[in-house]
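Examination of the molecular architecture
Next come the chains, spelled out residue by residue.
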Amino acid sequence: MPHKIGFVVVSSSGHEDGFSARELMLHAPTVSGWRSPRFCQFPQEIVVQMVGRCRMRKLQLLAHQYMIPSKVEFYVSESLPECFAPHQAERFRRLGYVSLCDNEKTGCRARELKSVHVDAVGQFLKLVFHQNHTNKYNIYNQVALVAINIIGDPADLDESNLASREKLIDHYLGHSTEDPALEGTCTGKSDYISPLDDLAFDMYQDPEVAQIIRRLDEQKREAVQQERYDYAKKLKQAIADLQKVGERLGRYEVEKRCAVEKEDYDLAKHKKRQMEQYRSRAYAQLELHSLVEAELPLTRSASPRRQPPALPPPAQEERGTENRLAEPFLQEKPSVRALNASPEHHAADRPLPTTHPRLKGHREPLPHDERPLPAARKLPGAAAAEPDKSDGDISEVPRVGAVGEPEPLTEKALREASSAIDVLGETLVAGAYSKTWSHREDALLALYEQLAGMPVGTPKEELKSVLRAAVFLVRRAIRDIVTPVFQASLRLLKMAITQYIPRHKLSKVETTHCVERTIPVLLARTGDSSARLRVMASNFIQEMALFKEVKSLQMIPAYLVQPLKANASAHLAMSQMDLLARLLKDLGTDGTGFTVDNVMKFAARALEHRVYEVRETAVRVVLHMYRQHRALVPEYLPPDDSAARKNVLYKTIFEGFAKIDGRPTEDAEIGAQKKAVTEEAEKQKKEEIKVLQGQLAVLKEMQAEVQEKESEAASTERPDTLGSGAAPPSAPDAPESHYLDHLCIFCGERSEAFTEEGLDLHYWKRCLMLTRCEHCRQVVEVSSLTEHLLTECDRKDGFGKCFRCSEAVPKEDLPRHIKAKDCHPAKPERLANRCPLCHENFPPGEEAWKAHLMGPAGCTMNLRRTHVLHKAPPPPQGED
């Protein structure tokens, strides 16, 4: 069975003072590892010699948090060259390489553990480190390695008999090598690697506890061989509990080392005493000495309700994030993070296209040398999260509990809630994790009573520890799909914020912690598929935002104005928008976390959301903000023009602004214009009827005169025409043939002086309806002067039309004219005429032109109005 292989460092390219490569021979939480010299040449090399010739199965590298090489190559050799020269590099056989992440996502605060599966035989291993990743912390361009672990078998071990024996047993039992029922089992398998040999185990375990765990593990294997399964089960549970103890002691050791480096010897002394007390108490509770020395059965005592509160975690460089090596006791949910896959997939992380190395005895070399080694990223909790599977136990399967009591915690839950168990006890936490909802509710109610009964004189550290453990369970219960459990979590959270913290006079930091840990989960529940839970979550968030302890923090408004995610559910978007609208009315924008800027930016984006209800609520928010800040709100919206009003939402908003300001809205203005046009049309119709009636009267008088003249002519010509067959001319022809004589057809003036030459003179100088073009000297009607300048004039290419006033403007003046916006806007032709002389709008129709140009109150810019106009009767329109 593969196990940890001891080694010594033979040589290295160099090292920084105090960080020799020989540090790699030690595995403990406080080791510093190897660092290259400052501004060194690359590549850097380290050669290690194993205790004997062996078959390597697994290599593990623990990288530094910011001194990270871009690539590490592996070479193996049977013997050591006399000197390390380039021409003797062939003495080492290249295995491949692995790439390391630049650690930018974690801000260079976590360390990466790279696990590489290999199948190679040799006694010497050479590691070649290439150019470092650049970051702001690595100012000397160094590379470093915190630890290296080699797992394998002695090379001279004859595995043929063992392999054939396993195959014979599998064949007899009817098991195949790919049987999923056997996945994860390890008893008797020659390629099984114990979690206790994993690098993460030694790097985050107290050395003394690690040795005790290994001794218990040996006793457990012996008990299994002797078929003492009850005793083996108790040993397995003791190992799991000791792993938590070792991790905590390892953390205390790191904190003590940091205190010594900072010369804070009081804290270091306190940490040392805390370690001694915790170690002795843990050993006594686990009855460890009885197990190790007399092999007596272990009666596992329950975890204490309260333990000494943990001090702040060590330096940030020891903290971990997703897909990085991290200390499990610093994480809230290490086991969950250990299951998450890394978002990055380097070539080194993909296995080679061959069978898994642990299932093959030999691997043929690839035709090319640039081959990445198969690597698997592990977290430090992985070693402890993999229990001994000799009894076929799986960590995810809970142990059966007593009837009517919550079932015991799984291994995963024990690791996840270890901090809460230390403070609240395993019984209460087991109830909160139970699969039975009534147990979960009872656990929250019991926790409620515990917090309510805490005496006032309790030390602050203990109060804080209890509160944070309670918030941890509340955060979990908020996600519960059972309504009573969800309601119990809300009641507990409300009591913690409004009663527990004020009564014990805890700082605002604790209130901030409560809000930070619960508000994101509560907001997520506002998008729940259950309408009842959505309403409960929304109402509680609104209520919590109005707590005087929370209101002063101004935190909840900051969460509500976060941009809506494109892939968020419709329920979640509507709830967030509705919550913002409700709280905006309750809190306002004066020192509450809501500002004109963040609210209007959020509302402007919400106006474009795909859900109609979100857009509708955003309109209400904008109008509410406009009532409070009329001068600032329009800056976040498009200008109020025809293009923007094509959007129904913006038209509604601008109409709402007008109503708030007391201005007439566009609809009201259009209605007034329509009414004015209708009245004008009625008035014009009446005037036209009056004119027609006058024209009819004139025609009748003319007809009577013609008939009278015809009768006189007939009486005088009757003797001469009795014998004649010629017919008299038709009566109407006589007046029609002479009516237009001496008449101006434009202004209607009649004069005996209007001969052919007289009319030309009248048109050229005096007719009030005509004017001369200043550019081509042609006489044109005033009503068609603009059209003449744009289409007929000899200088038409020098004119352009203003889109605002619709008049002809010289092209060199047109840009300045449009930019100045001094011209009076023209109305549509169906609504008004436009005079090119005085630039005024007046009612439509031909008669209106005469009234404007010839009337006493007409156009003031008509220069021909220097003499008195004697208006002739209007001409007839045709036969009656």
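Structure shown above.
The structure reproduced in this document is the subject of the present report. (Residues numbered from 1 in each chain as written. Predicted model: local features only at pLDDT ≥ 70, side-chain atom pairs only at ≥ 80, totals over all residues. Heavy atoms only, no water.)

**With respect to the nonpolar core**
Short version of the rule: Only buried Ala, Val, Leu, Ile, Met, Phe, Trp, Tyr and Cys residues count toward a nonpolar core, and they belong to the same one when joined by side-chain atoms within 4.5 Å. Burial classes: relative accessible area under 20% of the type maximum marks a residue as buried, over 50% as exposed, and values in between as partly exposed (1.4 Å probe, protein chains only). Contact definition: two residues touch when any of their heavy atoms are within 4.5 Å.
Counting 95 residues, the largest nonpolar core has Tyr 500, Leu 522, Met 544 and Ile 556 as its most contacted members. In this view, Met 544 contacts Leu 493, Ile 497, Ile 519, Leu 522, Val 550 and Ile 556; residues no more than four positions away in its chain are not counted. Counting 31 residues, the second-largest nonpolar core is a separate cluster that includes Trp 34, Cys 54, Val 116 and Ile 150.

**So, the packing of aromatic side chains**
The criterion, for reference: The aromatic pairing rule takes the rings of Phe, Tyr and Trp, using the six-membered ring of Trp, and pairs them if the centres are within 6.5 Å, calling planes under 30 degrees apart stacked, those over 60 edge-to-face and the rest tilted. The numbering of helices and of strands both runs from the N terminus, where a helix is a DSSP run of H or I of at least 4 residues and a strand a run of E of at least 2. Consider the ring centre and the ring normal. A charge sits over the ring if Lys NZ or Arg CZ is within 6 Å of that centre and within 35 degrees of that normal.
A complete count under the given rule lists 9 aromatic pairs for this structure. Judged by centre distance (5.1 Å) and plane angle (35°), the ring pair of Trp 34 and Phe 129 falls under tilted. Here Trp 34, found in strand S3 (residues 34-35), pairs with Phe 129, found in strand S7 (residues 113-129); they are 95 residues apart in sequence, far enough to count as distant. When the centroid spacing of 3.9 Å and the interplanar angle of 20° are considered together, the rings of Tyr 626 and Phe 657 count as stacked. With Tyr 626 in helix H21 (residues 612-628) and Phe 657 in helix H23 (residues 648-661), this pair connects stretches of sequence that are 31 residues apart. Here Phe 657 falls in the buried class, since its relative accessible area comes to 5%. An aromatic cluster is defined as three or more aromatic residues linked by ring pairs; in this entry it consists of Tyr 626, Tyr 650, Phe 654 and Phe 657. A cation over an aromatic ring shows up here: Arg 35 above the ring of Phe 19, its NZ or CZ 4.0 Å from the ring centre. The ring of Tyr 140 carries Arg 38 above its face, with NZ or CZ at 3.9 Å from the centroid.

**Section: the pattern of salt bridges**
Applied cut-off: Each salt bridge in this description consists of a side-chain nitrogen of Lys or Arg and a carboxyl oxygen of Asp or Glu lying within 4 Å of one another.
This structure, assessed with the given rule, holds 31 salt bridges. The closest approach of N and O atoms between Arg 57 and Asp 153, which form a salt bridge, is 3.8 Å. Placement of the pair is Arg 57 in strand S4 (residues 44-63) and Asp 153 in strand S8 (residues 144-154), with a sequence separation of 96 residues. Judged by relative accessible area, Arg 57 falls into the buried class, the value being 7%. Residues Asp 217 and Arg 221 are paired through a salt bridge, measuring 2.5 Å at the closest nitrogen-oxygen approach.

**Details of helix H29 (residues 846-854)**
All buried positions along H29 are accounted for by Ala 848, Trp 849, His 852, Leu 853 and Met 854. Buried residues along H29 sit against strand S14 (833-834) and strand S15 (841-842).

**Examining unusual backbone geometry**
Residues apart from glycine generally show negative phi values, whereas peptide bonds are mostly found in trans. Residue Pro 43 is reached from Phe 42 by a cis peptide bond, and omega for that bond is 5°. Along the polypeptide, Pro 43 turns up in the loop between S3 and S4. Phi at Cys 108 takes a positive value of approximately 60°, unusual for a residue other than glycine. Relative to the helices and strands, Cys 108 is located in the loop between strand S6 (93-99) and S7. Taking relative accessible area as the criterion, Cys 108 reaches 9% and is therefore assigned buried. Although it is not a glycine, Lys 505 adopts a positive phi angle of roughly 55°. Summarising the element assignment, Lys 505 is placed in the loop between helix H14 (483-503) and helix H15 (508-525).

**Here's the deal with the pairing of S8**
Inclusion rule: DSSP-based pairing: two strands are paired if at least 2 bridges between them are found.
Most of S8 sits inside the fold, with 10 of its 11 residues counted as buried. Note that strand S1 (residues 3-4) and S8 share 2 bridges and pair antiparallel. Bridged to Lys 4 within S8 is Ile 151. Relative to S8, S3 runs antiparallel, the two being bridged by 2 bridges. Each bridged residue has a counterpart across the sheet, and for Trp 34 the counterpart in S8 is Leu 145. Across 9 bridges, S4 lies against S8 in antiparallel orientation. Looking at the pairing, Met 56 lines up with Gly 152 of S8.

**Quick notes on a negative patch on the surface**
Rules: In this analysis, a patch consists of residues with relative accessible area above 30% that form no salt bridge, clustered at 9 Å for like charges and at 5 Å for the nonpolar side chains Val, Leu, Ile, Met, Phe, Trp and Tyr. Here the accessible surface of atoms and residues is derived via Shrake-Rupley with a 1.4 Å probe, and residues count as covered only by protein chains that are part of the display. Neither His nor the chain ends is counted toward charge; the positive residues are Lys and Arg and the negative residues Asp and Glu. Every charge is mapped to an atom, namely NZ of Lys, CZ of Arg, CG of Asp or CD of Glu.
On the surface, a cluster of negative charge is made up of Glu 687, Glu 688, Glu 781, Glu 846 and Glu 847. For the negative patch, the elements supplying multiple residues, two or more each, are helix H24 (666-721) and H29. Summarising the element assignment, Glu 688 is placed in helix H24.

That's the geometry; what it means functionally is another story.
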